Structures are given as C-alpha cells and as structure tokens.
Amino acid sequence: MFFKKSNSKSDNLVQIEVLPSRKSKVVALAGNPNTGKSTIFNRLTGLKQHTGNWPGKTVTRAEGEFEYNGDEYVLIDLPGTYSLLSTSEDEEIARDFILFGNPDATVIVCDASALERNLNLAFQIMQITNRCLLCVNLIDEAKRKGIEIDKEVLEKELGIPVVLTNARSGYGIDELKEKIYLISNRIIKPVPRKIEHRKEIQEKVNQIKPLLEKAFPGLYSVEWIALRLLEGDQKIRTAIEKGNLLELINKGLENGNGDLNL
Ligand SMILES: Nc1nc2c(ncn2[C@@H]2O[C@H](COP(=O)(O)OP(=O)(O)OP(=O)(O)O)[C@@H](O)[C@H]2O)c(=O)[nH]1
Ligand SMILES: [Mg+2]
C-alpha cells in the first residue's frame, strides 16, 4: 500500500489518501535540440539516472527518477527534434514515445529566444496529447537580448500551462514539478489549441476516425493517426494493415518504465 499526502489549502490539514497502486508516473521531456532538455533532466532527477540505447537503435536514451508530493516519476529525455513528422530515427523515437508510450505528462522544452521556431514542435505535440506543458527555458539569455515572455498570453493562446525557467540556475524548476504533478494527476486538464484543417481534410479525418475507433477500441490520438494515414505515413499504415496498432500502444504502455521497443 502506498500513502500520499494530498495538498490542502491549510498547511495544518494534511489528508492521507491510499492510492490504488504504486506505479510511477511517466513524464516525457521533448524539445528542439539545444534547448536545455538535459540540463532540466539533471535538475529534476539529480543522481537517479540511467542511460542506455533505445532498443534496436543507436540513439542514447536517458531515463531518471524523481519524487514530488509523494508521487514517483520516471522522466524520459527524448532526442532533440525540430519536428515529429519526418522519418529520422530521432524524430521517430520521440514521436512513438509520445504517441504510444502514453506519458502522464509531456514537457515541451523551448528556447525563450526562439519561440517562433520552437512552437512548431510544440503544436505538433499538442495535436497528439492534451497532457502537456510548455517549459520556456533560457529566459536569462532572452532577457539579456531584451526579449520578455508574456506567460499569461502564451498560456491563453496555447491552452496549456507555461513555466519560465533558467535550468542553469534552477529558477522555475519547483514550479515545473508542481505543473507536472497537477497534469499527471489530472488535477488540471489542459485543452491545447488544435490546428484547424481545411474543410476537405477535416471531412476525410471525420470519415476515418470512427473506422479507427471501431477497429481499435481504446485508441487515443485518433485524429492524429487519421491525419498521418491521409499523409501516407508508411509506418502507421503498416501497423493498421497488420492490425497491430494496439499492440504497439500496449507495448508502449508496458514499457513506460522500461524499454520502448517499437
Ligand atoms: N544560460 C542558460 N544556459 C542554459 C540554460 N539551460 C541550459 N543551458 C545551457 O545550454 C547548453 C545546452 O543544454 P543541454 O541541456 O545540453 O540542451 P539539450 O536540449 O539537452 O541539447 P541536445 O540534447 O543536444 O538537444 C548547455 O551549455 C547548458 O548549460 C538556461 O536556462 N540558461
Ligand atoms: Mg540533451
């Protein structure tokens, strides 16, 4: 049995709840290259880290653990990518993990001085999962360049929580942990801004979605998968033809704390 202190408005009133299982929550760390992901990863996990390779790949995989508010988290440092749509090994790993690993929260790390470029990936992730937040890192560098980030406006425009950090100094890391806690415990449920597609495309997506749902009950990110099919994504198409799309998802789930071998 696993006990957890729940947050109470009054510090004197600490409720003890029994959680149904002790399974760690899974948090993915995504972002463009060189945005400070590994520095944030180190800040969050300290010495509790393991590195290896992604199964069957030459790409390094870093995984670490941390505790917050009585919960245990496994953090996965995904390869830095500009997009999730091309077929490079790095992008495929990041994409498959977010899509099939079903993380409890995905932290999208971006460079405060290059938001416009970085938000491309953020929007792609926001189409796949609602359980995400934007970590605007390197704010010290941005400030030096005279760039100020309006957190509230960004949150409103994107529909997801935004945390400003300087991973080098540790500024904002406590708030980042709190937001990860709130999202992975479903205490806050972000509603990311979705991309509006042309009418013809949306009509096709709406035709494909129910077919996918029928063939693969329990499938999430259905809209995203439908869009990839329309685009001619070979990997997704093969998974559907072989009927093993759910198998891929379950593998991702099972391996949230271990190896993701897709
Ligand atoms: N000034 C400043 N430097 C930072 C901050 N975060 C990270 N850095 C530095 O930026 C550089 C890149 O950081 P990494 O953590 O390696 O970035 P990354 O996203 O993991 O990079 P890749 O794994 O290569 O994609 C390092 O020199 C860090 O020390 C920050 O908030 N402020
Ligand atoms: Mg790194």
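Report follows, based on the coordinates. Because the structure is a prediction, the values reported are computed rather than measured.

## As for the overall build of the chain
- Scanning the chain from terminus to terminus reveals 10 helices and nine strands.
- Long-range pairs, those at least 24 residues apart, make up 65% of the contacts in the chain between residues at least 6 apart in sequence.

## Here's the deal with the site of ligand 1
- Near ligand 1, the surroundings consist of 16 residues, among which Pro-33, Gly-36, Ser-38, Thr-39 and Gly-80 are the closest.
- Class assignment for the residues of the shell around ligand 1 results in three nonpolar, nine polar and four charged.

## Looking at the packing of helix 7 (residues 199–215) against helix 8 (residues 222–231)
- In the contact formed by helix 7 and helix 8, the axes pass within 9 Å of each other and the chain directions differ by 115°. The interaxial crossing formed by helix 7 with helix 8 has right-handed handedness. Here helix 7 contributes Ile-201, Lys-204, Val-205, Ile-208, Lys-209, Leu-212 and Glu-213 to the contact with helix 8, which in turn contributes Val-222, Glu-223, Ile-225, Ala-226, Leu-227, Leu-229 and Leu-230.
- In the contact of helix 7 with helix 8, the residues fall into 10 nonpolar, no polar and four charged.

## Looking at the pairing of strand 5 (residues 60–68)
- As defined by bridge partners, strand 4 (residues 49–53) adjoins strand 5 across five bridges and the pair is classed as antiparallel. Each bridged residue has a counterpart across the sheet, and for Gly-52 the counterpart in strand 5 is Arg-61.
- Taking the residues between adjacent antiparallel strands as the criterion, strand 4 and strand 5 are bridged by six residues, where Gly-56 takes a positive phi near 75°.
- Bridge count between strand 5 and strand 6 (residues 71–77): seven bridges; the pairing is antiparallel. Bridged to Glu-65 within strand 6 is Val-74.
- Connecting the antiparallel pair strand 5 and strand 6 is a turn made up of two residues, with Asn-69 showing a positive phi of about 55°.

## Considering the nonpolar core
- Val-27, Leu-29, Val-107, Ile-108, Leu-133, Leu-134 and Cys-135 are the most contacted members of the largest nonpolar core, which totals 48 residues.
- A total of six residues in this core trace back to one element, the largest contributor, which is helix 2 (residues 89–100).
- Sequence-distant contacts of Leu-134, defined by excluding residues within four places in its chain, comprise Ile-108, Cys-110, Ala-122, Leu-154, Leu-158, Ile-160 and Val-162.

Each value, and the rule that gives it
Residues numbered from 1 in each chain as written. Chains lettered and ligands numbered in written order. Predicted model: local features only at pLDDT ≥ 70, side-chain atom pairs only at ≥ 80, totals over all residues. Helix = DSSP H or I, 4+ residues; strand = E, 2+ residues; numbered from the N terminus. Contact = placed C-beta atoms within 7 Å. Near = placed C-beta within 6 Å. Nonpolar A, V, L, I, M, F, W, Y, C, P; charged D, E, K, R; others polar. Axes fitted to C-alpha atoms, helices over the stretch in contact; angles between N-to-C directions. Left-handed = near helix turned anticlockwise from the far one by under 90°. Pairing = 2+ DSSP bridges. Core = buried A, V, L, I, M, F, W, Y, C linked by C-beta atoms within 7 Å. Buried ≥ 20, exposed ≤ 12 C-beta atoms within 10 Å, placed from the backbone.

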